[in-house]
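Listed below are the residues making up each chain.
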Amino acid sequence: MKKVVKFGGSSLASAQQFIKVANIIRADKERAYVVPSAPGKRYSADTKVTDMLYGCYALAEAGQDFAKELQAIKERYQEIIDGLGLELSLEQEFQMIEKNFKEKAGSNYAASRGEYLNGIIMANYLGFEFIDAAEVIFFDEKGEFDADLTDKVLSDRLEKCPNAVVPGFYGAYADGRIKTFSRGGSDITGSIVAKAARADVYENWTDVSGFLIADPRIIDNPQVIDVITYKELRELAYMGAGVLHEDAIFPVRQMGIPINIRNTNRPEDEGTWIVGSTGQKSKYIITGIAGKKGFCAINIEKDKMNSEVGFGRKVLQCFEENGISFEHMPTGIDTLTVFVHQDMFMPKEQKVVSGLHRLAKPDTIDIETNLALIAVVGRGMRATRGTAGRVFAALAHANINVKMIDQGSSEWNIIIGVKEEDFEAAIKAIYDIFVEAQL
């Protein structure tokens, strides 16, 4: 068996954390390839190294002196090196960083150096080979990730290397310029390496013991999900559930490689398994609850709308012309409601309204703002009668008015719209009826 292990910034914030990580890797010889993030916060008021690099480069780009800020970054890494007792100097690396900052190499280059330097330290500490991600992860001229070229080059490189450290978060264009993924992109790198290595498991180590059924900022000590499918995770991640970057799913999904979310500070915990498909029943009817605020609903009414061919197309054409994507579109006989992100819609509100009148000629248009959407997701919902009824009962008991409900054809998820002021109470009510009631 071959494993790829990715460690987040909180897992690598200090020398003490590095030692924990090394012990985890050495405890299992199958953990062959390591993908580190940049050092995260050592304590709540601390600053992540990536943010320090962004700040430092902003000064360089403005032509201001950044020596003090660069020195602070050096000290962060030196503290880790000294704490590990390594005979390692990053002086040449920092000289190159200083030179490239002065030459305005770009914010992508600046941000990537956090993972790059941490990768060098990790490889040195473990005695693994260091592979610069810029040599094996590629982007095309449009800045799109080149999956085929990356997989070919990286697979060939890993075949000749039984153990390696590949820093996360970045790759390079054909001309060698650095390009980063979006924030949290080390998850994506781990997935890419797992695919290229044809790994049996992709372990993603973070500071929580797996994927939680609900947001711990809303629910006290929510239960951990034992097994979740890629499909369920995608639904929850889209609605704001954290832990794993949603784009990290695709490379391993193509190869059928399971992801295991683990806790660096509690390595004995099994964590959450993310799989392509499973016959295992969920512990609860639902797998997870997630949601986001910041939506608005455009309610459109027109008599005999249902018999007017092309009415829905005309409505959506108006949103398309204004560059606004829609989230959900529940309909009735004479009504149609479009849910969109409020921050995208409000600056163009009157353009959209006039466009709707011009294209669709509705009888009335009503706009409702400050709404939240909540996704209740679970493969167990398909085989359980009355799931939607229990959701409604829980919300009614909590005196929460439902603005919208939309159940996907797969019957794996139910989307509920509520007022933003009812958001937290709605999640608590749903969690209580499906999880707390079964404990």
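See above for the structure.
Quick caveat: nothing in here was measured; it's all calculated off a predicted structure. (Residues numbered from 1 in each chain as written. Predicted model: local features only at pLDDT ≥ 70, side-chain atom pairs only at ≥ 80, totals over all residues. Heavy atoms only, no water.)

Asker: Can you walk me through the overall build of the protein chain in this structure?
Answerer: Regarding its fold elements, the protein chain presents 14 helices and 16 strands. The C-alpha atoms of the protein chain give 25 Å as radius of gyration, which agrees with the globular expectation for 439 residues (22 Å, within 12%). When the backbone C-alpha atoms are referred to their principal axes, the protein chain occupies close to 75 × 55 × 40 Å. The proportion of buried residues among the 439 residues of the protein chain is 52%. Here the contacts in the protein chain between residues at least 6 apart in sequence split such that 75% fall between residues at least 24 apart. (Helix = DSSP H or I, 4+ residues; strand = E, 2+ residues; numbered from the N terminus. Rg over C-alpha atoms; globule rule 2.2 N^0.38 Å. Buried < 20%, exposed > 50% of the residue type's maximum accessible area, 1.4 Å probe, protein only. Contact = heavy atoms within 4.5 Å.)

Asker: Can you help me understand the packing of aromatic side chains in this one?
Answerer: What describes a pair of aromatic rings is the distance from one ring centre to the other and the angle between the planes of the rings. This model, assessed by the stated rule, comprises 9 aromatic pairs. The ring centre of tyrosine 116 lies 4.2 Å from the NZ or CZ of arginine 113, which sits over that ring. (Phe/Tyr/Trp six-rings, centres within 6.5 Å; stacked < 30°, edge-to-face > 60°. Lys NZ or Arg CZ within 6 Å of the ring centre and 35° of its normal.)

Asker: Even after reading the chapter, I still don't get the sheet that holds strand β11 (residues 288–301), so can you show me in this structure?
Answerer: Sheet strands associate in pairs through backbone hydrogen bonding, adopting either a parallel or an antiparallel arrangement. Pairing in this open sheet of 6 strands is antiparallel, and the strands run β12-β13-β11-β14-β16-β15 from one edge to the other. Two strands in the sheet have a free side with no partner beyond their single neighbour: β12 (326–328) and β15 (404–407). Across the sheet, the mean angle separating the axes of adjacent strands is 35° when strand polarity is ignored. Pairing of β11 with strand β14 (residues 364–377) involves 12 bridges; the strand directions are antiparallel. Note on β14: the bridge partner recorded for isoleucine 298 is isoleucine 367. (Pairing = 2+ DSSP bridges. Axes fitted to C-alpha atoms, helices over the stretch in contact; angles between N-to-C directions.)

Asker: Just to check I follow, could you spell out the pairing of β11 for this structure?
Answerer: In regular strands, side chains alternate between the two faces of the sheet. The pairing of β11 with strand β13 (residues 335–341) spans 7 bridges and is antiparallel. Within the sheet, the bridge partner assigned to glutamate 301 lies in β13 and is threonine 335.

Asker: Can you help me understand the packing of helix α4 (residues 91–102) against helix α5 (residues 107–126) in this one?
Answerer: Helix packing geometry: the angle between the two helix axes and the distance between the axes. Their axes nearest at 12 Å, the elements α4 and α5 cross at an angle of 175°. Considering their axes alone, α4 and α5 lie roughly antiparallel with respect to each other. Here Glu93, Phe94, Met96, Ile97, Asn100 and Phe101 of α4 lie close against α5, whose contacting residues are Tyr109, Ala110, Arg113, Tyr116, Leu117 and Ile120. A per-class count over the contact of α4 with α5 returns 9 nonpolar, 1 polar and 2 charged. (Parallel < 35°, antiparallel > 145°, perpendicular 65-115°, else oblique. Nonpolar A, V, L, I, M, F, W, Y, C, P; charged D, E, K, R; others polar.)

Asker: What should I look at first to understand the pattern of salt bridges in this one?
Answerer: If you walk through the whole model with that rule in mind, you get 25 salt bridges. Between aspartate 46 and arginine 42 there is a salt bridge whose closest N-O contact spans 2.7 Å. The residue arginine 262 makes a salt bridge to glutamate 203 at a minimum N-O spacing of 3.8 Å. Of the two residues, arginine 262 is situated in strand β9 (residues 259–263) and glutamate 203 in strand β7 (residues 201–206); the sequence distance between them amounts to 59 residues. (Salt bridge = Lys/Arg side-chain N within 4 Å of Asp/Glu carboxyl O.)

Asker: How should I be thinking about the side chain of glutamate 327 in this particular structure?
Answerer: Of note, glutamate 327 is situated in strand β12. Summary of buried charges: glutamate 327 has no salt-bridge partner, and the nearest side chain of opposite charge, lysine 292, is 5.8 Å away. At 3.1 Å, the side chain of glutamate 327 forms a polar contact with the side chain of histidine 341. Beyond its immediate chain neighbours, meaning those up to four positions away, glutamate 327 contacts Tyr238, Phe295, Phe339, His341 and Leu373. (Lys, Arg positive; Asp, Glu negative; His and termini not counted. Polar contact = N/O pair within 3.5 Å; in protein donor to acceptor, adjacent residues only side chain to side chain.)

Asker: Help me out: how do you make sense of the environment of leucine 149 in this one?
Answerer: Inspection of the secondary structure assignment puts leucine 149 in helix α6 (residues 147–159). Separated by 135 residues in the primary sequence, leucine 149 and tyrosine 284 have C-alpha atoms spaced 42 Å apart.

As far as function goes, none of this settles anything; it's purely spatial.
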